[in-house]
Amino acid sequence: MPIQDKSKLPGFDALRLLGSLSVLFSHSYLIALDSEASEPFQMLFKGDKNIIGLYGLFMSVTISGFLLSRALHRNSDFSRFVINRAMRLLPGFICCILFTALIIAPLCSAGGPAAYFASGHWLVYIKQSLTTLNDAHLPNIFNYTSSTSQVVNGSLWSLSIVVFYSGLLLGLWMLFPFPGLVALVLGVLGASVLINPAIFQWLPVSTYLLPYFSAGIVVWWLTQHLGMSRAIAHLCCSGIVAGFLLGFPHQAFLFFGAYLVIFLGSRPFLFDLRIARIGHLSYGIFLLGWPIQQALRHWLDLRQPLLMFAISAILTGVMAWAMYRWVERPALALRKPLLQWLSGASI
């Protein structure tokens, strides 16, 4: 069955929301207990980094590869792609950095808000975070003893990576005349990283997530020519189960999970109609979850992971809604005027 050619596929909002909540869930264990060893998914499957939040991140990166390829195939205009990505990612990120530096950090500072602002460290944090699209150091906040206590926002490491991958995809799309060639090149790059993770150490960002981003692109190309098959999706489910049982969960999720994720994203979930209206909060939950959980650990000395998850999910959901309502949505509405202005200025 050919994949739906709609501007917005119905299942992806649900999948992205689940991905962000899974990250929040796993971080609840890391921040509350200083370890992910007792996280249920990790306890069930053992091995290295089998937390559910990591698979939620893999899923989100795969979706990004698929949707960005689809967007470029529909319209490969360079300016449109850059503006769309910038207005989708930057306003929420900037809001998150300012919220953390100007509200969370001073309220959690060991010396109090006055000493915090007088130190000027917050200005350095804002500058470094905005220039690197990553987390930065803020001294003397989150006053508890843990390996994570001085990590201001442990979720941001993947953002700069995905931005780099997006730029790589755009560059290859401009360079090569055929989308299939782009999918082939990125597929080979992703496979190379899987075989030898150190092969591209000279790149400015980690290639850890590149296989999953590339898998989304390859699946996009395959579905353009072969469509979607429920039978193949069932086979992919079997492959994932077998991979987990045999001790190769990451590889199984890469080779079989990518197709399954896109299959589910291309059709509504049974519960998708209920969560479609809040699926757009996934980015805000991803950005704001860690600093809010850090604040909960600092203020309440919260050491129960499930309680940490429940409280932080409510607080983060409210903040994500506010950020989307007053920051992200207005920024997204500016995309068309910016493109029109840019087109007029280039004449």
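Our structure's up above, just so we're on the same page.
Residues numbered from 1 in each chain as written. Predicted model: local features only at pLDDT ≥ 70, side-chain atom pairs only at ≥ 80, totals over all residues. Heavy atoms only, no water.

## Examining the packing of aromatic side chains
Link 1 in the chain: Inspection of every chain in the model, using the stated rule, returns 20 aromatic pairs.
Link 2 in the chain: Plain terms: the ring middles of F41 and F244 are 6.1 Å apart, the flat faces sit at 75° to each other, and that makes the pair edge-to-face. Residue F41 is found in helix α2 (residues 40-45), and its partner F244 is found in helix α10 (residues 230-246); the two are separated by 203 residues along the sequence.
Link 3 in the chain: Among the residues examined, F41 registers a relative accessible area of 23% and is labelled partly exposed. (Phe/Tyr/Trp six-rings, centres within 6.5 Å; stacked < 30°, edge-to-face > 60°. Helix = DSSP H or I, 4+ residues; strand = E, 2+ residues; numbered from the N terminus. Buried < 20%, exposed > 50% of the residue type's maximum accessible area, 1.4 Å probe, protein only.)

## Looking at the layout of surface pockets
Link 1 in the chain: Computed from the structure, the largest pocket encloses a volume of approximately 1500 Å³.
Link 2 in the chain: As for the largest pocket, its lining consists of 43 residues, of which R16, L67, R85, R88 and R335 are closest to the centre.
Link 3 in the chain: The set of elements that each furnish at least two residues to the lining of the largest pocket consists of α1 (12-33), α3 (52-74), α4 (78-108), α7 (157-175), α13 (282-300), α14 (305-333) and α15 (335-346).
Link 4 in the chain: When residues in the lining of the largest pocket are grouped by element, the largest group, eleven residues, is from α3.
Link 5 in the chain: Classifying every residue of the lining of the largest pocket by side-chain character gives 18 nonpolar, 13 polar and twelve charged.
Link 6 in the chain: The volume enclosed by the second largest pocket comes to roughly 350 Å³.
Link 7 in the chain: Residue lining of the second largest pocket: 16 residues in total, with Y55, M59, F253, V261 and L264 positioned closest to the centre. (1 Å grid on protein atoms, 1.4 Å probe; cavity = no way out; pocket = protein on both sides within 12 Å on 5 of 7 lines; lining within 4 Å. Points joined across faces, edges and corners; volume = space filled by probe spheres on them. Nonpolar A, V, L, I, M, F, W, Y, C, P; charged D, E, K, R; others polar.)

## Section: the pattern of salt bridges
Link 1 in the chain: As enumerated under the stated definition, the model contains three salt bridges in all.
Link 2 in the chain: A salt bridge links R297 to D301, with the nearest nitrogen and oxygen atoms 3.6 Å apart. (Salt bridge = Lys/Arg side-chain N within 4 Å of Asp/Glu carboxyl O.)

## Thoughts on the environment of F176
Link 1 in the chain: Along the chain, F176 turns up in the loop between α7 and α8 (179-195).
Link 2 in the chain: Overall, F176 belongs to the partly exposed group, its relative accessible area being 25%.
Link 3 in the chain: Each C-alpha atom of the pair F176 and F200 lies 21 Å from the other, and the pair is 24 residues apart in sequence.
Link 4 in the chain: In contact with F176, other than residues within four places in its own chain, are L181, V182 and V185. (Contact = heavy atoms within 4.5 Å.)

## Focus on the side chain of S109
Link 1 in the chain: Relative to the elements of secondary structure, S109 occurs in the loop between α4 and α5 (112-119).
Link 2 in the chain: Taking relative accessible area as the criterion, S109 reaches 13% and is therefore assigned buried.

## Focus on α14
Link 1 in the chain: The largest bend along α14 reaches roughly 45° and is located at Y324.
Link 2 in the chain: Of the positions making up α14, those classed as buried are P305, M308, S312, T316, G317, A320, A322, M323, Y324, E328, A331 and L332. (Bend = angle between axes of the 7 residues up to and from the residue.)

## Focus on helix α9 (residues 210-226)
For an α-helix the count is 3.6 residues per turn, leaving residues at separations of three or four pointing the same way.
Link 1 in the chain: With 17 residues, α9 extends 24 Å from end C-alpha to end C-alpha; this agrees with the ideal 24 Å at 1.5 Å per step.
Link 2 in the chain: When α9 is considered as a whole, its buried residues turn out to be L210, P211, Y212, F213, S214, A215, G216, I217, V219, W220 and T223.
Link 3 in the chain: Tucked inside the fold, the buried residues of α9 contact α3, α7, α8 and α11 (249-265).
Link 4 in the chain: G227 occupies a position one or two residues after α9 and carries a positive phi of about 75°. (Expected span 1.5 Å × (residues − 1).)

## Digging into a nonpolar patch on the surface
Link 1 in the chain: Taken together, the side chains of L90, I94, L98, L102, I103, L107, F117, L130, W299 and L300 define a hydrophobic patch exposed on the protein surface, amounting to about 840 Å² of accessible area.
Link 2 in the chain: At the level of elements, α4 and α13 are the ones that each hand at least two residues to the nonpolar patch.
Link 3 in the chain: By residue number, the principal contributor to the nonpolar patch is α4, which donates six residues. (Patch = residues over 30% accessible without salt bridge, like charges linked within 9 Å, V, L, I, M, F, W, Y side chains within 5 Å. Areas by Shrake-Rupley, 256 points an atom, 1.4 Å probe, with all protein chains shown as cover.)

## Observations regarding unusual backbone geometry
Comment: phi is negative for the bulk of residues other than glycine, and the bulk of peptide bonds are trans.
Link 1 in the chain: With phi around 55°, L133 is a residue other than glycine that occupies positive phi space.
Link 2 in the chain: In this structure, L133 sits in the loop between α6 (121-132) and α7.
Link 3 in the chain: Positive phi, normally seen in glycine, also occurs at N140, with a value near 65°.
Link 4 in the chain: Looking at the secondary structure, you find N140 in the loop between α6 and α7.
Link 5 in the chain: A relative accessible area of 53% places N140 in the exposed class.

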